[in-house]
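Structure assessment
Below are the chains, spelled out letter by letter.
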Amino acid sequence: MKSEFTSEDVLNAFAVERTHDRATLERYLHQFPQYAVELALLSRELSRGDVDTGELSDRDRAAIAEAWIQYSSSPSFRVVDIFNSLSVPQRRELASSLGIPLQIVTAFRERKVIVSSIPRRFLARMATALGRTSDQVIAALSLPLETCCVRSHKSDEKPLATGPATFEKLLIDAQVPKDKLAELMADDDYH
Amino acid sequence: MIAPLRKKDVGGKVYTRLPHIEKKLKELSALPRSQISARCAIQDKDSSDYLPSECLVYLVRENRSRSFDECSEHLFKALMERVMRGLPQAVSLDGDSERLTDSNVRDEGRHRFLEMLANDRHEYVEALDVYEVRFQMALATLRVDAQRKIYRQDDPLEGIEIDPATGEIAEKVERAAGTFDPLDGHALDDPHYRLRLDKAIDGLPVLQKTIIEMIRQGIPIESKEIGIVNISNSLGKDSKTVRTHRNMAYATLRVALTKGESNEV
């Protein structure tokens, strides 16, 4: 139990405690003795209250300007067209693991879903199934249509409406039963 | 929708923003970016248009994978200014010379925060979540991280170990410290004294600083009762060694705090 947390985990937890009195410090020292020095140093830092060193120097402002150049030129995550790279068996497997009809996965592939209408819980499940982060899945679903490969083969799936639709509408059009639909739309964990 | 945080605390619970921050973020998400951009310049914390630092962190991160605009730059710079204001100033008590260690801690803190923000652009950095919960508290952890990194280079924790047989060093520092107690309750009520004391403690080696903080919190140096947290056990140091380092710290603080006065105690 004690070794599974990093110094950062423990210090963060201590930092957001309501109070930083002796009892709180003792509790953390008892639970995480390996971070005794860090905890004492943090206890001291927290006793200072809100720190505001006031006006910044010209040197500070130059450092911030430099930081912006570095930040704005740092690579953002590479958006991968996750759905287009899936083979047909992989798409079937994804649909099966998520409990949705295959045509919904196809709709994702063809950008026919309004991304903001997808419940975050479902997004998180899909990200896990794809071995990606939710951000990467959202980015892939937000790719412009022209960058993805539009279906050119003969499809054995029932076609869905052409324009982007909400996730719920896609499920309804795909005749997903009501109870299943409610389950897929549930987003309770995130409120 | 305001994206939920992902980092879990040591109890396995996902961190959540404070309700007033969530509320503010919902209000801000309805505003045009030009208005948010204008608000970045407001520094009066009492203004209703002031952007809390927790919101600044969210807004910078929310925009991290999109094309940057003028607002992105204003948000980023406003956030970095708040970070810089929360890092130690590289000026000594006399206000003349720059303290190299503080200067290094300030640079290290800035670099560390920038690195997290830059990494967050391509892979979600959970460590930044805490800055959306309690920015000032998270900054305190940033200062500690930076201090630990800098002090490891030029002030290893392994200080002087005392020879229990002779106790030679122990006696010397005990004499130097005298009966001086920098944590005396009455003196601590004076804000000017507190400020000078804080600055003086900042200059102590890590081990002494750690001991002083534990004493300030009321933790005993040693305890005969099993299971009671004490300084000796927590630091894995003999109680005599702890006392000697405490006395060394007191002696240093005595000099720093009584500069210009008679050292007769």
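First things first, this report covers the structure right here in the doc. (Residues numbered from 1 in each chain as written. Chains lettered and ligands numbered in written order. Predicted model: local features only at pLDDT ≥ 70, side-chain atom pairs only at ≥ 80, totals over all residues. Heavy atoms only, no water.)

This paragraph deals with the pattern of salt bridges. A side chain of one charge can pair with a side chain of the opposite charge if their charged atoms are brought near each other. By the definition in use, this model includes 32 salt bridges over all chains. Here Lys180 of chain A ties to Glu183 of chain A by a salt bridge, and the two come within 3.5 Å at their closest N and O atoms. Linking Lys180 of chain A with Glu183 of chain A, this pair stays in helix α10 (residues 178-185), spanning three residues, or about one helical turn. Lys180 of chain A gets classed as partly exposed once you look at its relative accessible area, which sits at 24%. The exposure class assigned to Glu183 of chain A is partly exposed, which follows from its relative accessible area of 47%. Taken together, the shared-partner salt bridges in this structure form one network comprising Arg17, Glu22, Arg61, Arg64, Asp120, Asp129 and Glu132 of chain B. (Salt bridge = Lys/Arg side-chain N within 4 Å of Asp/Glu carboxyl O. Helix = DSSP H or I, 4+ residues; strand = E, 2+ residues; numbered from the N terminus. Buried < 20%, exposed > 50% of the residue type's maximum accessible area, 1.4 Å probe, protein only.)

Turning next to the layout of surface pockets. In this structure, the largest pocket spans a volume of roughly 1000 Å³. Contributing to the lining of the largest pocket are 38 residues, with Arg120, Asp135 and Ile138 of chain A together with Glu62 and Arg66 of chain B lying nearest its centre. Looking at the lining of the largest pocket, the elements that each hand over two or more residues are α7 (120-130) and α8 (134-141) of chain A together with α1 (19-29), α2 (33-39) and α3 (53-62) of chain B. For the lining of the largest pocket, the leading source of residues is α3 of chain B, giving four residues. A breakdown of the residues in the lining of the largest pocket according to their chemical character gives 21 nonpolar, six polar and eleven charged. Approximately 560 Å³ is the volume attributed to the second largest pocket. When contributions to the lining of the second largest pocket are tallied by element, the ones reaching two or more residues are α5 (100-120), α7 (135-154) and α10 (191-202) of chain B. Sorting elements by how many residues they give to the lining of the second largest pocket places α10 of chain B first, with eight residues. Looking at the lining of the second largest pocket residue by residue, the classes come out as eight nonpolar, four polar and twelve charged. (1 Å grid on protein atoms, 1.4 Å probe; cavity = no way out; pocket = protein on both sides within 12 Å on 5 of 7 lines; lining within 4 Å. Points joined across faces, edges and corners; volume = space filled by probe spheres on them. Nonpolar A, V, L, I, M, F, W, Y, C, P; charged D, E, K, R; others polar.)

Here the focus is the nonpolar core. Counting residues in each nonpolar core, the largest one holds 77 residues, and the members touching the most others are Leu39 of chain A together with Leu75, Phe113, Leu117 and Tyr131 of chain B. Here this core gets eight residues from one element, more than from any other, and that element is helix α4 (residues 70-85) of chain B. Leave out the neighbours within four places in its chain, and Phe113 of chain B touches Leu79, Met80, Val83, Leu128, Tyr131 and Leu142 of chain B. Ile118, Phe122, Val137 and Ala174 of chain A belong to the second largest nonpolar core, which has 31 residues in total. (Core = buried A, V, L, I, M, F, W, Y, C linked by side-chain atoms within 4.5 Å. Contact = heavy atoms within 4.5 Å.)

Residue and element names in this part refer to chain A. Tracing the backbone shows Leu86 in the loop between α4 (58-73) and α5 (88-98). C-alpha separation for the pair Leu86 and Leu130, spaced 44 residues apart in sequence, amounts to 9.6 Å. Among all residues touching Leu86, those that are not within four sequence positions of it are Arg91, Leu94 and Leu130.

This part is about helix α6 (residues 102-109) of chain A. All names here are of chain A. With eight of its eight residues buried, α6 lies for the most part within the structure. Considered for burial, the residues of α6 that qualify are Leu102, Gln103, Ile104, Val105, Thr106, Ala107, Phe108 and Arg109. Contacts made by the buried residues of α6 are with α5, α7, α8 and α9 (167-173). A positive backbone phi angle near 60 degrees is found at Arg111, which sits one or two residues after α6.

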